[in-house]
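Breakdown of the fold
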Amino acid sequence: NKCPLAYWNYNSFIAHTISHSGGKGPYTFVERVYPEFHHNPTIVGPTSDGYYLMFMIGLTNMSDIIDCRNNPEPIVPGSGMGGPVGTISMGYSTSPAGPWSETRIILQNYLKPSQNKSDWDCYVTNPSAVIQSDDSVLLVFSSVPCVGGFEEALGTATASHWNGTYIENKLAVWRKPGPRNSPHSLGAGNVEDPFAWVDARGNYHIIAHSQGSRNVCGGDPWQKLDGPSNSCGIHFFSVNATGFWNHSRGAVYTGLATLANGTNSYFQTRQRPQLVFGSNSSTPRYLFHGGSFDETNRG
């Protein structure tokens, strides 16, 4: 509906696209897979019993779709949380081309009567999954409290079978206490949008979006052309799924990008990092992002 990126939490749907010329594209739209609002898909597989798994956030709610065709910004939404954004769902298929199953909720904390609304994991979002050698699944996610100060954290949950019950580990991979722009001694700030994988030696990795006034790029995230902005990538690594997780002190990507025409440009945000792997399924070949030339996600 001609809306800018800032309306992602209203208008996102999951689409199937295909490239016939490798990971660099171009990609051609095939079909919608899940309607509004579904967002942030990650596919892993196949499992030992032949299924591909798609993890995502969202619940079907097409009544909230925003139409910007006659008014480029009819409202000014926040990019924040809320029920659909704080709900992790999964669908499955025997082929990446589909058809895909109906989704089911696998992790949702904010509706639990026992959930402390100010805890770091009240709203869970941004899922990424790893199918482990015993066919269990490691789910990595980001989260924020439902009330109180803004604090982005990373957490994990596991299931003994991909279609089983996902049990959250209450020990976070990463927490950054305090409001969004407060400095942190380690310089990683708030961390969101994790993507997880296991390398050929069995080590666990996460790349994620580092933002806030002490992101791993350093400096002021709100500067424009010459600043590090909110377009910074961080790398976590561990010898096993339960941690201890270390993280890089430097950025694994910044806002600087070389475009297809050979020119350089600076993205003010680089969100949702996703990797595509080589034939061994453990060596990264391509890095995908959602990006914006404007920090407010309108560029």
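Now for a description of the structure that goes with this document. Values in this document were obtained by computation on a predicted structure and should not be read as measured data.

Quick notes on the rules
- For every chain, the first residue of the written sequence is number 1, and numbering continues from 1 onward in sequence order.
- It should be noted that, the model being predicted, local features are given only for residues of pLDDT at least 70 and side-chain atom pairs only at 80 or more, the latter also being counted only at that level, while totals for whole chains, interfaces and linings use all residues.
- The basis for every side-chain value is the complete set of heavy atoms in the structure, and neither hydrogens nor water enter the calculation.
- Put simply, DSSP H or I for four residues or longer makes a helix, DSSP E for two residues or longer makes a strand, and each gets a number counted from the N terminus.
- Relative accessibility decides the category of a residue: with a 1.4 Å probe and only protein chains considered, values under 20% of the type maximum give buried, values over 50% give exposed, and everything between is partly exposed.
- Working rule for contacts: check all heavy atoms of both residues, and any pair within 4.5 Å makes them a contact.
- Per-residue and other accessible areas follow the Shrake-Rupley method at a 1.4 Å probe size, with only the shown protein chains counted as cover for residues.
- When a carboxyl oxygen of Asp or Glu lies within 4 Å of a side-chain nitrogen of Lys or Arg, that pair is called a salt bridge.
- Remark: nonpolar core denotes a set of buried residues (Ala, Val, Leu, Ile, Met, Phe, Trp, Tyr, Cys) joined through side-chain atoms within 4.5 Å.
- Between any two strands, pairing holds if DSSP finds at least two bridges.
- Inter-axis angles, ranging from 0 to 180 degrees, are taken between N-to-C directions of lines fitted to C-alpha atoms, where helices are fitted over the stretch in contact.
- When two rings of Phe, Tyr or Trp (its six-membered ring) have centres within 6.5 Å they constitute a pair, described as stacked for plane angles under 30 degrees, edge-to-face for angles over 60, and tilted for the intermediate range.
- Geometrically, a charge over a ring is one whose NZ (Lys) or CZ (Arg) sits within 6 Å of the ring centre while staying within 35 degrees of the ring normal.

Helix and strand content of the chain: 1 helix and 18 strands. Looking at the 299 residues of the chain, the share that counts as buried comes to 50%. Nonlocal contacts in the chain, meaning residues at least 24 apart in sequence, comprise 54% of its contacts between residues at least 6 apart. Total accessible area on the chain stands at roughly 14,100 Å², and carbon and sulfur atoms take up 54% of it.

Attention now moves to the pattern of salt bridges. Pairing between side chains of opposite charge can happen when the charged atoms of each approach one another. A complete count under the given rule lists 6 salt bridges for this structure. Between glutamate 36 and arginine 32 there is a salt bridge; the shortest N-O distance is 2.8 Å.

This part is about the nonpolar core. If you look at the biggest cluster of nonpolar residues, it comprises 23 residues, and the most contacted ones within it are Phe55, Ile88, Leu139 and Tyr166. Elements with a minimum of two residues in this core: β4 (52-58), β5 (88-93), β6 (104-107), β7 (123-131), β8 (137-144) and β9 (153-159). Setting aside residues up to four positions removed in sequence, tyrosine 166 forms contacts with Phe55, Met90, Arg104, Ile106, Leu107, Val137, Leu139, Thr158, Ala159 and His161. Judged by nonpolar contacts, the second largest core, of 17 residues, contains Val130, Ala208, Cys232 and Trp245.

A few words on the sheet that holds strand β3 (residues 38-44). Across the sheet, which stays open at both edges, the 4 strands sit in the order β3-β4-β5-β6 with antiparallel pairing between neighbours. Each having just a single partner strand, β3 and β6 make up the two edges of the open sheet. Taking each pair of neighbouring strands and ignoring which way they run, the sheet shows an average axis angle of 35 degrees. For β4 and β5, the ladder comprises 6 bridges, and the chain directions are antiparallel. Counted as the bridge partner of tyrosine 52 is serine 93 from β5.

Within the structure shown, the criterion is met by 12 aromatic pairs. Centre to centre, the rings of phenylalanine 195 and tryptophan 197 are 6.4 Å apart; their planes meet at 40 degrees, and the pair counts as tilted. Assigned by exposure class, phenylalanine 195 and tryptophan 197 land together as buried. Taken together through their ring pairs, the aromatic side chains of Tyr51, Tyr92 and Trp162 make up a single cluster. The ring centre of phenylalanine 13 lies 3.6 Å from the NZ or CZ of arginine 32, which sits over that ring. The ring centre of tryptophan 8 lies 5.1 Å from the NZ or CZ of arginine 272, which sits over that ring.

Fair warning: the whole summary comes from geometry, so function is off the table for now.
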